[in-house]
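Here's the letter readout for the chains.
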Amino acid sequence: MALTASDVTIHFGGVVAVNGMALDVMPGEIVGLIGPNGAGKTTFINCLSGTYRPNTGTALWQGDELIGLSPSALLRKGVARTFQNVASLHDLTVLDIAKLGAGVRRDRRTGGHLLDFFRSDRALEELLMESILAPLELNDVAHKPIQTLSYGRRKAVDLARALAGDPQLLLLDEPVAGLTSHEGMAMAAAVRDVRDRHGCAVIMVEHKMDVVMSTCDRVAVMAAGSKIFEGRPAEVQADPEVRRVYLGEP
Amino acid sequence: MSTRHIAIAIGVAVVMAVLAVVLGRYGAYLVNAVAIAAIGALSLNLLIGYCGQISFAQGALLGVGAYTAGNLGNAGLDGAVAILGAGVLGALVSALIGLPAMRLRGLYFAIATLAAQAILEYLFKILDPLTNGVSGLVIKPPSIFGIPMTSDESLVLPSLVLLVIAWLVVSRLLRTDLGRAFLVVRESEIVAKGMGIDVGHTKLWAFLIGGFIAGMAGALIGFANRLASPEAFTLDLSADYIAMIIIGGLGTWPGPIIGAAFVVLLPEVIQRVGEAAGISDILSALRELAFGLLIILFLIFEPRGLTALLSRIKLRRIGVVPPAGLRATGEGSQSPEGRSR
Ligand SMILES: Nc1ncnc2c1ncn2[C@@H]1O[C@H](COP(=O)(O)OP(=O)(O)OP(=O)(O)O)[C@@H](O)[C@H]1O
Ligand SMILES: [Mg+2]
């Protein structure tokens, strides 16, 4: 078993954003996480990725507890995430972001990064261009500042950053939202490709049902902070309860 | 750091050296003043322009460098050792100044640095054995690598060498993971944290490196003035350095040098014009006003300073539209509204 999250609960004041959430993900598996707005999907991802510390819950990843670790510690363990809303980071190029993503795997606490000062990163650049940027079609804009890119391309850059850290557990928060359908399909294909090549476990929060259906091996449905259904994509679409709370049918 | 950067930095230093030789004593004095100010501005630009940590304590930090180098030099150490020692103490004091940044952000941290500035000014006055109190520490002319530095002319060379080194070190630094982390921390600490950047650590390094450079700049100020006194390193001086990096262009590569030249030379020009017209008293009073006004105007209309202005003119001349990248720097641009007096 790769990831076993159970009983994850977090509340903000009176709001219980995630309530006893449980989810398992195997290596090489893409699990879709769907649910209405405010269901707690992003908050759950935040709990797994070290952004929030849940009030209760455990998340075992290859035998280690993830909860309580900082994002940088998690990245060193191979747990990477992307963001629902990408930041525009001025002055940084696409390649810079990818390099940052690759760099977080190294432990910097000892000040060893000062050695970078004397190190050429030409080899790293080539590796990133070839193995990370090219599959995402970001090669041609590698030296462009990211704020000059479209929203869709910037989301691809955020994914590239996460992938550059060579993750084994990838948490994607709405990677396709806001993209054109062409961009969305390319992104979904990239996610599948990464899974195929690296065998990582993927949790993908997504609203676009066609992408979820074509990409995910399994789907979990969240509503009001809890999991209300879990099954294969076709089963999810057939379930009357899910259709009622999420797909908007009476 | 590209070969282009190396060529430009060395070219600028050579031009300045030639000017110092051609223009005689006064020219050497001005070149020296610009070079030293530029080193100090590079350090502050690293902190504010690239890492987004607004500091009003630069004046005092330069003072730490001046007093340290003064004491080490007076004790008979070589000037080069004294300058390095000033860098080390500058780095340590800067890290202390930066400690509140582990908890505070933006303007809250900026206010904490005001306190640091006040405390250091007070220490300069009371640490008598080291600072000689309000009358100030007289600094003997040092020898650097055995060569006596008895005049502004002789100090030009070490100042320019340090300027080139500091300039290139900063630009190389920005091409490392640490430098890239500075830029992300400047834009958003939350994003930086989510990306796995250790924010506290990143800031600490910005303070250490910035402080080291500032300490060395302070040492040169001490050697040039032959005196380190409390009233030379007040908040006014911090404000001058903030003016330099804003006018030159926050977070730009040539900004600190352009800004330093502007802030050092403008008063001299005004002075000469004033003397010629017989109204120097009025004009020198206008100096502070002019800088305050310029800071506000640049922050509103051209947050990337003279650097952006110049590159825009150049681009227009060769028929290129200015890139969208010339813009305000997130937290870094929320700088002081004018000079605190
Ligand atoms: N830091 C916070 N402070 C207070 N409330 C929060 C915080 N973060 C999330 N919440 C609340 O938790 C609930 C779940 O939000 P969350 O962002 O996880 O939903 P989501 O499923 O990702 O929705 P969407 O599909 O719109 O992205 C919401 O009611 C939200 O207001
Ligand atoms: Mg969300």
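For the structure itself, look to the data block above.
Residues numbered from 1 in each chain as written. Chains lettered and ligands numbered in written order. Predicted model: local features only at pLDDT ≥ 70, side-chain atom pairs only at ≥ 80, totals over all residues. Heavy atoms only, no water.

Caption draft 1: Region of interest: the interface of chain B and chain A. Chain B puts 25 residues into the contact, and the matching count from chain A is 29 residues. Regarding the contact of chain B and chain A, the summed buried area is about 2400 Å², with carbon and sulfur atoms giving 64% of it. Ranking the residues of chain B by area buried against chain A places B:Asp177, B:Arg180 and B:Met195 at the top, with a combined share of 27%. Linking chain B with chain A are three salt bridges. Between the two partners, chain B and chain A, sit two residue pairs in polar contact (both at pLDDT 80 or more). Of all elements in the fold, only α7 (152–173), α8 (177–187), α9 (189–194) and α10 (199–225) of chain B reach the threshold of two or more residues within the side of chain B that touches chain A. By residue number, the principal contributor to the side of chain B that touches chain A is α8(B), which donates eight residues. Taken together, the residues of the side of chain B that touches chain A break down into 10 nonpolar, six polar and nine charged. (Contact = heavy atoms within 4.5 Å. Buried area = accessible area lost by both parts, 1.4 Å probe. Salt bridge = Lys/Arg side-chain N within 4 Å of Asp/Glu carboxyl O. Polar contact = N/O pair within 3.5 Å; in protein donor to acceptor, adjacent residues only side chain to side chain. Helix = DSSP H or I, 4+ residues; strand = E, 2+ residues; numbered from the N terminus. Nonpolar A, V, L, I, M, F, W, Y, C, P; charged D, E, K, R; others polar.)

Caption draft 2: Here's a closer look at helix α1 (residues 3–22) of chain B. Residues and elements named next belong to chain B. With 20 residues, α1 should reach 28 Å at 1.5 Å per residue; the first-to-last C-alpha distance of 28 Å fits that figure. Of all the residues in α1, the buried ones are His5, Ala9, Ala13, Met16 and Ala20. Projected down its long axis, α1 carries its buried residues within an arc of 60°, all on one side. Opposite the buried face of α1, at more than 90 degrees from it, the exposed residues are Thr3, Arg4, Val21 and Val22. (Expected span 1.5 Å × (residues − 1). Buried < 20%, exposed > 50% of the residue type's maximum accessible area, 1.4 Å probe, protein only. Arc of directions from axis to C-beta.)

Caption draft 3: View of the site of ligand 1. Residue and element names in this part refer to chain A. Close to ligand 1 lie 13 residues; Asn37, Lys41, Thr42, Thr43 and His207 are nearest. Here an oxygen atom of ligand 1 and a backbone polar atom of Ala39 are 3.2 Å apart. A distance of 2.8 Å separates an oxygen atom of ligand 1 from a polar atom in the side chain of Lys41. Protein coverage of the free-state accessible area of ligand 1, which is 640 Å², stands at 65%. Split into classes, the residues belonging to the shell around ligand 1 amount to four nonpolar, seven polar and two charged. (Near = heavy atom within 4 Å. Areas by Shrake-Rupley, 256 points an atom, 1.4 Å probe, with all protein chains shown as cover.)

Caption draft 4: Looking closely at the coordination of the magnesium ion (ligand 2). Listed as protein donors to the magnesium ion (ligand 2) are A:Thr42 (OG1) and A:Gln84 (OE1); their distances from the metal cover 1.9 to 2.2 Å. Remark: A:Gln84 occurs in the loop between β6 (79–81) and α3 (94–103) and A:Thr42 occurs in helix α1 (residues 41–48); sequence separation between them is 42 residues. (Donors = N, O, S within 2.8 Å, 3.2 Å for Na, K, Ca; no water.)

Caption draft 5: Representation of helix α3 (residues 58–74) of chain B in the model. All names here are of chain B. An ideal rise of 1.5 Å per residue puts 24 Å on 17 residues; α3 measures up with 24 Å between its terminal C-alpha atoms. The element α3 is largely enclosed, with a buried count of 14 among its 17 residues. Just downstream of α3 lies Gly76, where phi reads positive at about 100°.

Caption draft 6: Focus on unusual backbone geometry. In this structure, A:Glu137 is a non-glycine residue whose phi angle is positive, near 60°. Inspection of the secondary structure assignment puts A:Glu137 in the loop between α4 (122–133) and α5 (151–164). At B:Arg226, a residue that is not glycine, the phi angle is positive and equals roughly 60°. Within the secondary structure, B:Arg226 is located in the loop between α10 and β4 (227–228). For B:Arg226, a relative accessible area of 31% translates into the label partly exposed.

Caption draft 7: Inspection of the pattern of salt bridges at higher detail. Residue and element names in this part refer to chain A. By the definition in use, this model includes 20 salt bridges over all chains. Where Arg161 meets Asp158, a salt bridge forms, and the shortest distance between an N and an O atom there is 2.8 Å. You can see Arg161 and its partner Asp158 sitting in helix α5, three residues apart, about one turn around the helix. Residue classification places Asp158 among the buried residues on the basis of a relative accessible area of 9%. In this structure, the salt-bridge partner of Asp193 is Arg197, at a minimum N-O distance of 3.1 Å. Of the two residues, Asp193 and Arg197 both sit in helix α6 (residues 181–198), four residues apart, roughly one turn of that helix. The class for Arg197 is partly exposed, based on a relative accessible area of 43%.

Caption draft 8: Quick peek at the sheet that holds strand β1 (residues 3–12) of chain A. All names here are of chain A. If you trace the four strands from one edge of the open sheet to the other, you get β2-β1-β4-β5, paired in antiparallel fashion. The outermost strands of the open sheet, each flanked by one partner alone, are β2 (15–25) and β5 (64–65). Against the sheet, α1 contacts β1, β2 and β4 (56–61), and its axis sits at roughly 115° relative to β1. (Pairing = 2+ DSSP bridges. Axes fitted to C-alpha atoms, helices over the stretch in contact; angles between N-to-C directions.)

Caption draft 9: Inspection of the packing of helix α2 (residues 24–50) of chain B against helix α12 (residues 255–277) of chain B at higher detail. Residues and elements named next belong to chain B. Closest axis-to-axis distance for the α2/α12 pair is 7 Å, and the angle between their directions is 140°. Put simply, α2 runs oblique to α12. Considering the relative orientation of α2 and α12, their crossing is right-handed. Contacts from Tyr26, Tyr29, Leu30, Ala33, Val34, Ala37, Ala38, Ala41, Leu42 and Asn45 of α2 reach α12 at Pro256, Ile257, Ala260, Ala261, Val264, Leu265, Glu268 and Arg272. Looking at the contact of α2 with α12 residue by residue, the class counts come to 15 nonpolar, one polar and two charged. (Parallel < 35°, antiparallel > 145°, perpendicular 65-115°, else oblique. Left-handed = near helix turned anticlockwise from the far one by under 90°.)

Caption draft 10: Molecular detail of the environment of A:Leu172. Assignment of secondary structure puts A:Leu172 in strand β7 (residues 169–173). Spatially, the C-alpha atom of A:Leu172 lies 4.7 Å from that of A:Met204, the residues being 32 residues apart in sequence.

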